Amino acid sequence: MSDFLFNPLLVKEMRDRFRSRKTMLILAVYLFVMGGIPMGFLLMDPLKAESLGDNRDLFLISAGIHYAMVCFVAPALTAGAISGERERQTLHILLTTQLSTRTIILSKLITSLAFSTLLLVASMPLYSIVMLYGSVSPEQMAQLVLFLAVNMFFLGSLGLFCSTWIKRTSISTVTTYGIAFFFVVGTGLLFFFIGESLQQTYPEQYVNSNVWSMYELQMLAGTNPIIVLSDILGESFDQSDDITFAPWLFFSCVYVVLSFVLVIWSAYLLKPIRRKWWSWKKRPVRVQ
Amino acid sequence: MVIETVHLGKRYGNLQALADLNLSIEPGKVFGFIGPNGAGKSTTMLILSTLLEQSEGEAFVCGYNVRKDPASVRQSVGYMPDFFGVYDNLTAVEYLEFYAGAYKIPASKRRALVGDLLELVNLSHKADAFVDSLSRGMQQRLGLARCLVHDPAVLILDEPASGLDPRARIELREIMKQLREMGKTIIISSHVLPELAELCDDIGVIEKGRLIAYGSVHEVSNRDTGQSRMQLRALRNLDKAGLLLASSPYVHQLTEYMGGYRFYFQGTEQQKAELLQELLDEQVAVVYYGDSKKDLEDVFLAITEGVGME
């Protein structure tokens with residue numbers, strides 16, 4: 001474990017990521033946006049003693065902006081991680097060292113996650129403004145933080161996978177955002193379209209909107225970040241009211257598993273020589 | 001054998017990039033790979049460096065199968081590609097320390113090792129310079145030092161002299177001579193053929209993915225035509241030398257060249273020595289009598305003539 005934590009790639013990446021002026025600039029802009037918008041709303045609608053405990057708008061706005069920033073920043077941090085090495089012509093040399101592809105992928109992912117986590121943690125004090133209004137439970141805050149962390153992990157892994165799979169950084173970045181768009185918006189649209197279609201096609205079978213209680217549709221709803229975020233914020237859609245499990249827990253489990261699959265797949269794709277398990281013996285052969 | 005390939009082949013779709021390559025390179029030998037762009041030199045080097053999987057055949061480096069035991073092969077090989085990038089925010093020392101770490105060399109030994117390597121490639125004075133500020137020649141030398149951080153038995157150098165000015169080429173060649181003296185087995189490809197002739201024990205000529213000539217520089221030079229191009233320079237009695245060469249049955253196509261003569265010699269090494277003795281007996285003050293520097297280029301052109309037209 002200590003070998004991994006002090007592997008030269010991780011150390012170099014951490015140093016590059018955290019010891020540059022660009023890093024401070026990104027952090028400053030991020031906090032400015034994250035703090036500026038709620039502050040703007042506060043200026044428009046000043047805090048009043050009588051509204052304490054009732055006004056949830058600021059919480060919704062802050063969480064929405066936070067999620068949007070995560071969707072914007074997390075893929076960008078990893079979508080060029082491997083393709084950038086390839087374009088700089090340093091990847092081949094790196095692959096001839098004793099660093100395994102798994103170490104290379106994890107080092108890149110951990111570095112970007114560390115930076116994403118810094119952004120997340122640095123912006124958490126902004127929620128103290130939200131807490132002034134009350135009407136937000138600590139449990140909701142914890143679920144929101146977990147939700148954002150899972151999204152960072154998934155979007156970071158997705159970016160890393162696209163970066164390994166696609167040679168050019170520009171195409172990898174566009175593909176990452178495209179796939180992320182599918183997960184953020186596409187799964188929600190699929191949920192609504194499929195439900196509505198079933199209801200209209202088989203009106204006698206799905207009376208009184210009971211199509212939304214179908215387990216398959218509930219699972220689809222549980223994979224859509226916007227529906228899950230709405231549920232965490234206590235603003236669920238009518239169609240997703242019938243979900244019988246905790247959406248945030250289901251969402252976290254699905255996306256964490258998906259992220260691990262993407263990381264393992266990336267490490268496999270990065271291997272110059274991919275082992276075909278059915279054709280080779282495991283023991284190395286030495287000839288004289 | 002340090003390097004051995006058995007019916008090695010690589011296919012990209014319908015394109016056969018490498019076919020039926022059989023190489024055997026002994027320890028401590030310098031092997032030169034000659035061939036035009038796209039002939040299969042880099043493909044072979046990538047396979048031997050475990051960066052590309054072959055389609056057919058097997059390849060072994062230091063006894064390890066490149067496909068079945070790539071980690072052991074990587075520990076035995078130092079690979080320098082024809083074009084490689086550098087991390088722009090590292091100094092020369094940090095750059096080498098980074099790769100030393102990547103080869104799992106203990107941190108306590110890295111600083112001394114890096115110092116030795118920088119001295120070997122004459123870059124001690126640039127130890128604290130940022131890598132991207134170094135000239136192309138210096139970056140190539142640093143790349144060579146990077147290949148050596150884990151003390152590999154084999155060096156695979158893909159066109160190391162490409163894009164270098166003459167001085168940088170000479171400096172690089174001198175370092176490679178040092179490495180040869182250190183007992184490293186080196187595979188080197190280059191378009192600068194005379195440089196290979198001077199450096200290599202064996203050469204292989206590859207064209208359209210096939211090895212069409214393989215052996216010592218001398219064997220390959222005499223392979224097709226049975227003759228070698230030679231050069232003579234002398235301080236005195238050059239006219240006598242001209243007459244003697246013209247009358248020799250072994251000498252053909254005698255021409256004046258750079259204050260001396262250049263000619264094709266068809267005969268054995270013994271007959272070459274006898275001709276030199278005759279020149280000395282005629283009081284010709286010989287200062288150079290040997291293979292012409294352009295020889296390998298001629299050989300390459302002769303061997304590959306018509307291959308690309310098939």
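Residues numbered from 1 in each chain as written. Chains lettered and ligands numbered in written order. Predicted model: local features only at pLDDT ≥ 70, side-chain atom pairs only at ≥ 80, totals over all residues. Heavy atoms only, no water.

## Here we look at the overall build of chain B
Step number 1: What chain B contains, in helices and strands, is eleven helices and 14 strands.
Step number 2: Looking at the 310 residues of chain B, the share that counts as buried comes to 55%.
Step number 3: Residue pairs at least 24 apart in sequence account for 67% of intrachain contacts in chain B once pairs closer than 6 positions are excluded.
Step number 4: Just so you have it, chain B exposes about 13,400 Å², and 50% of that area is on carbon and sulfur atoms. (Helix = DSSP H or I, 4+ residues; strand = E, 2+ residues; numbered from the N terminus. Buried < 20%, exposed > 50% of the residue type's maximum accessible area, 1.4 Å probe, protein only. Contact = heavy atoms within 4.5 Å. Areas by Shrake-Rupley, 256 points an atom, 1.4 Å probe, with all protein chains shown as cover.)

## Quick notes on the overall build of chain A
Step number 1: Of the regular secondary structure elements, chain A holds 13 helices and zero strands.
Step number 2: In chain A, buried positions account for 47% of the 288 residues.
Step number 3: Across chain A, every contact between residues at least 6 apart in sequence was considered, and the portion connecting residues at least 24 apart equals 79%.
Step number 4: Total accessible area on chain A is roughly 14,800 Å²; 67% of this is exposed by carbon and sulfur atoms.

## Regarding the UniProt feature "transmembrane region" (unreviewed entry) in chain A
Residues and elements named next belong to chain A.
Step number 1: In the numbering used here, UniProt assigns the "transmembrane region" (unreviewed entry) feature to residues 24-44, 64-84, 105-129, 141-162, 174-194 and 245-270.
Step number 2: Annotated as 88% helix and 0% strand, the span residues 105-129 places its first and last C-alpha atoms 38 Å apart.
Step number 3: Strand forms 0% of residues 245-270 and helix 92%; the C-alpha atoms that close the span are 38 Å apart. (UniProt positions renumbered as here; feature names shortened; annotations may be inferred.)

## Concerning the pattern of salt bridges
Step number 1: A full pass over the atoms with the stated rule returns 13 salt bridges over all chains.
Step number 2: Notably, a salt bridge pairs Arg88 of chain A with Glu85 of chain A, separated by 3.4 Å at the nearest N-O pair.
Step number 3: Looking at Glu85 of chain A, the relative accessible area reads 0%, which means it is buried.
Step number 4: Asp151 of chain B is the partner of Lys184 of chain B in a salt bridge, and the nearest nitrogen-oxygen pair spans 2.4 Å. Residue Lys184 of chain B is found in the loop between helix H6 (166-181) and strand E8 (185-189), and its partner Asp151 of chain B is found in the loop between helix H5 (136-147) and strand E7 (154-158); the two are separated by 33 residues along the sequence.
Step number 5: The class for Asp151 of chain B is exposed, based on a relative accessible area of 57%.
Step number 6: Sharing partners across several salt bridges, the network here consists of Lys12, Glu13, Asp16, Glu85, Arg88 and Lys108 of chain A. (Salt bridge = Lys/Arg side-chain N within 4 Å of Asp/Glu carboxyl O.)

## Description of the packing of aromatic side chains
By convention here, two paired aromatic rings are described through the distance between centres and the angle between planes.
All names here are of chain A.
Step number 1: Following the criterion strictly, the structure yields 18 aromatic pairs over all chains and no others.
Step number 2: Between Phe161 and Trp265, the ring centres sit 4.8 Å apart and the planes meet at 45°, which makes this aromatic pair tilted. One end of the pair, Phe161, is in helix H9 (residues 138-165); the other, Trp265, is in helix H13 (residues 247-270), and 104 residues separate them in sequence.
Step number 3: Phe161 gets classed as buried once you look at its relative accessible area, which sits at 7%. (Phe/Tyr/Trp six-rings, centres within 6.5 Å; stacked < 30°, edge-to-face > 60°.)

## Regarding the sheet that holds strand E4 (residues 56-61) of chain B
Residues and elements named next belong to chain B.
Step number 1: The antiparallel open sheet is built from four strands, whose spatial order is E2-E1-E4-E5. Both edges of this open sheet fall to strand E2 (15-25) and strand E5 (64-65), since each of them pairs with a single strand only.
Step number 2: Both E4 and E5 contribute to a ladder of two bridges, which runs antiparallel. The residue bridging Val61 from the neighbouring strand is Tyr64, located in E5.
Step number 3: Sheet contacts for helix H1 (residues 41-48): strand E1 (3-12), E2 and E4; angle to E1, the most-contacted strand, approximately 115°. (Pairing = 2+ DSSP bridges. Axes fitted to C-alpha atoms, helices over the stretch in contact; angles between N-to-C directions.)

## Side note on the sheet that holds strand E10 (residues 210-216) of chain B
Residue and element names in this part refer to chain B.
Step number 1: Spatial ordering of the open sheet is given by E6-E7-E8-E3-E9-E10, a layout of six strands whose pairing is mixed. Each edge of the open sheet is held by one strand with a lone partner, namely strand E6 (77-80) and E10. Direction aside, the axes of adjacent strands within the sheet are offset by 15° on average.
Step number 2: Across the sheet, H5 is in contact with E6 and E7; its angle to E6 comes to roughly 160°.

## What about the interface of chain B and chain A?
Step number 1: Listed per partner, the contact involves 34 residues of chain B and 27 residues of chain A.
Step number 2: Approximately 3,000 Å² of surface area, both sides summed, lies buried where chain B meets chain A, with 61% of it carried by carbon and sulfur atoms.
Step number 3: For the chain B face of the interface with chain A, the top three residues by lost area are Leu51, Lys68 and Tyr87 of chain B, together amounting to 21%.
Step number 4: If you look at where chain B meets chain A, you find zero salt bridges.
Step number 5: Taken together, chain B and chain A are joined by nine residue pairs in polar contact (both at pLDDT 80 or more).
Step number 6: Listing elements by their share of the side of chain B that touches chain A, those giving two or more residues are E5, helix H2 (70-76) and helix H3 (92-102) of chain B.
Step number 7: If you tally residues by element for the side of chain B that touches chain A, the top one is H3 of chain B, at four residues.
Step number 8: Considering only residue class, the side of chain B that touches chain A consists of 19 nonpolar, eight polar and seven charged. (Buried area = accessible area lost by both parts, 1.4 Å probe. Polar contact = N/O pair within 3.5 Å; in protein donor to acceptor, adjacent residues only side chain to side chain. Nonpolar A, V, L, I, M, F, W, Y, C, P; charged D, E, K, R; others polar.)

## Considerations on the pairing of strand E3 (residues 30-34) of chain B
Residues and elements named next belong to chain B.
Step number 1: Within E3, five of the five residues are buried, which leaves the element mostly enclosed by the surrounding structure.
Step number 2: Burial along E3 is two-sided: Val30, Gly32 and Ile34 and Phe31 and Phe33, pointing in opposite directions, are all buried.
Step number 3: Here E3 pairs with E8 via four bridges, running parallel. Bridged to Val30 within E8 is Ile186.
Step number 4: Two strands pair when backbone bridges link them, and E3 and strand E9 (residues 202-207) are joined in this way by four bridges, in the parallel orientation. Looking across to E9, one finds that Gly32 is bridged to Ile203.

## Examining H6 of chain B
Residues and elements named next belong to chain B.
Step number 1: The end-to-end C-alpha separation of H6 is 23 Å, in line with the 22 Å expected for 16 residues at 1.5 Å each.
Step number 2: Within H6 the residues assigned to the buried category are Ala168, Leu172, Arg173, Ile175, Met176, Lys177 and Leu179.
Step number 3: Downstream of H6 by one or two residues, Gly183 has phi in the positive range, about 90°. (Expected span 1.5 Å × (residues − 1).)

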